[in-house]
Amino acid sequence: MSVLNAAATGFGAAIAISARISALAEPTDGGLEVTFEGVDPGDRRLVEAAASVVSGELGWTGGWRLVIRSELPPRKGLKTSSAVSNALIASMCSALGSDPSPSDVLRMSVLASRMANVTVTGALDDAGASLLGGFVMADNDSGTIEVRRDVDPEGLEVLLGIPAGELEKSAVSREAFAPLVPAALRARDLALEGRYWDAMTVNGLVVSAALGVDSVPAAEAIRAGALGAGITGMGPAIAAVVPEDAAERIASSLARAGLMVMRYRLENEPGVWNAEI
Ligand SMILES: Nc1ncnc2c1ncn2[C@@H]1O[C@H](COP(=O)(O)OP(=O)(O)OP(=O)(O)O)[C@@H](O)[C@H]1O
Ligand SMILES: O=C(O)C1=C[C@@H](O)[C@@H](O)[C@H](O)C1
């Protein structure tokens, strides 16, 4: 989930949640065979880009049989593109006997997302949080992870509120965020101070003002008792961090407002590859 959208300044931050996305890769003689388990995103642009990046980097001229398992809907702001890209890159590298470092996975993952046109800034912040766990702040313009910290998950739940409708990333321009740079910098300061939930709330208002995405569901979550809530990614989904004893009540109020609600925990564990899952 987003803490700070990088479209305004290039600095972006995200916190990992316990949603699971994974990929299995098997080299074949030729072609690209793809199976979607759970969610079917309806397009293969990212899968094709990831296969092309790994094959090019490792000199593989054969094909791939790939299985991608995701429980999160795409094009909602939930960082599915970055998480799927990481999982594909790591699994294909492993299948070819290479053991990439986390920074290699992130470099190739950002490249694949750019090739597939599913990112505005490269989204290293999103890829970083998904791969490394915890809170990650990155300078997406220079391609540097600036901060990685554990977060305290004790007593908290994350509610995702997912409205109907999708946002097509290629329609988003960074210029729309220009008038909101001072507010985005304030969200950055809050995040660096460890006030993540306040940063999420301010960031959500920035994204709403820049892109015209509805901020009312996040406001409803705050009124119902969330510690912080805001549009995540480019929207339209919202993420709310809530005390666990209020989670049921806040989830019900989001559901009554017509949102699909998914419940998770904050996640500090990094992603794994070459492992029994
Ligand atoms: N399960 C999946 N399998 C394969 N590709 C996927 C999957 N989920 C998402 N994608 C790819 O990612 C694209 C969506 O990326 P997009 O950046 O628009 O959404 P997002 O990552 O949820 O948003 P944001 O970056 O704002 O959080 C899809 O069109 C598809 O190409
Ligand atoms: O496409 C992108 O580059 C981004 C998308 C959103 O998830 C943002 O939150 C992220 O900071 C950058």
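Presented here is an overview of the structure given in this document.

Calculation rules
Every chain's residues receive numbers from 1 upward, in the order its sequence appears when written. In the order they appear in the text, chains get letters beginning with A and ligands get numbers beginning with 1. Predicted model: local features are reported for residues with pLDDT of at least 70 only, side-chain atom pairs are reported and counted for 80 or more only, and whole-chain, interface and lining totals are derived from all residues. Hydrogens and water are ignored here; the side-chain numbers use all heavy atoms of the structure. A 1.4 Å probe that fits into a set of points on a 1 Å grid over the protein atoms alone but cannot get out defines a cavity; an open set with protein on both sides within 12 Å along at least five of seven lines defines a pocket, and lining residues are those with an atom within 4 Å of a point. Grid points are joined across faces, edges and corners, and a volume is the space filled by probe spheres set on the points. Numbering of helices and strands runs from the N terminus, with a helix taken as a DSSP run of H or I at least four residues long and a strand as a DSSP run of E at least two residues long. When residues are grouped by polarity, Ala, Val, Leu, Ile, Met, Phe, Trp, Tyr, Cys and Pro land in nonpolar, Asp, Glu, Lys and Arg in charged, and all others, Gly among them, in polar. Grouping buried Ala, Val, Leu, Ile, Met, Phe, Trp, Tyr and Cys residues that are joined through side-chain atoms within 4.5 Å yields what is termed a nonpolar core. Three exposure classes are used, based on accessible area relative to the maximum for each residue type with a 1.4 Å probe and protein chains only: buried under 20%, partly exposed in between, and exposed over 50%. Throughout the structure description, domain borders are defined by an automatic or database domain assignment. Pairs of residues are marked as contacts when any of their non-hydrogen atoms sit within 4.5 Å. Two strands pair if DSSP finds at least two bridges between them. Every angle, taken between N-to-C directions, lies between 0 and 180 degrees, and every axis is a line fitted to C-alpha atoms, over only the stretch in contact when it is a helix. When we say a residue is near a molecule or strand, we mean one of its heavy atoms is within 4 Å of it. Each polar contact in these results corresponds to two N or O atoms within 3.5 Å; when the atoms are within protein, one needs to be able to donate a hydrogen and the other to accept it, and residues that are neighboring in sequence are counted only if both atoms are side-chain atoms. Where accessible areas are quoted, they stem from the Shrake-Rupley method and a 1.4 Å probe; at the residue level, only the protein chains shown are allowed to cover. Assignment of a molecule to a cavity or pocket requires that more than half of its atoms lie within 2 Å of the corresponding grid points.

As a further point, take the layout of surface pockets. Computed from the structure, the largest pocket encloses a volume of approximately 1100 Å³. In terms of lining residues, the largest pocket is bounded by 42 residues, among which Ile21, Ser22, Ala87, Gly271 and Val272 are the most central. Counting only elements with at least two residues in the lining of the largest pocket, the list comes to β2 (11-15), β3 (21-28), β5 (63-70), α2 (80-95) and α4 (124-132). No other element matches α2, which puts seven residues into the lining of the largest pocket. A class-by-class count of the residues in the lining of the largest pocket yields 25 nonpolar, nine polar and eight charged. Approximately 180 Å³ is the volume attributed to the second largest pocket. Tallying contributions element by element places helix α3 (residues 102-115) first for the lining of the second largest pocket, with six residues. Residues that form the lining of the second largest pocket fall into these classes: five nonpolar, five polar and two charged.

Met1, Ile15, Phe135, Leu160, Phe177 and Trp197 are the most contacted members of the largest nonpolar core, which has 58 residues in total. Element by element, the count of residues in this core is highest for helix α6 (residues 196-211), at seven residues. Here this core gathers at least three residues from each of two domains, domain 1 (21-148) and domain 2 (152-264). Here Phe177 is in contact with Asn5, Ala7, Ala8, Val172, Val206, Val207, Ala210, Leu211 and Met234, once residues within four sequence places are set aside.

As summarised here, the arrangement of the three strands in space is β3-β5-β4, forming an open sheet in which the pairing is mixed. Both edges of this open sheet fall to β3 and β4 (32-38), since each of them pairs with a single strand only. Strand-to-strand twist of the sheet, defined as the mean angle between neighbouring strand axes without regard to direction, takes the value 10 degrees. Each of β4 and β5 is contacted by helix α1 (residues 45-58), which is oriented at about 130 degrees to β5, the strand it contacts most.

Let us now look at the site of ligand 1. What surrounds ligand 1 is a group of 22 residues, the closest being Asp43, Arg75, Lys79, Ser81 and Lys169. Here an oxygen atom of ligand 1 and a side-chain polar atom of Ser81 are 2.7 Å apart. Between ligand 1 and the protein, one listed contact pairs an oxygen atom with a backbone N or O atom of Val118 at 3.0 Å. In isolation ligand 1 exposes 640 Å². Once the protein is present, 98% of that is buried. When atom positions are compared with the pocket grids, ligand 1 is found to occupy the largest cavity. Here the shell around ligand 1 is composed, by residue class, of eleven nonpolar, five polar and six charged. Residue contributions to the shell around ligand 1 reach at least three from each of two domains, namely domain 1 (21-148) and domain 2 (152-264).

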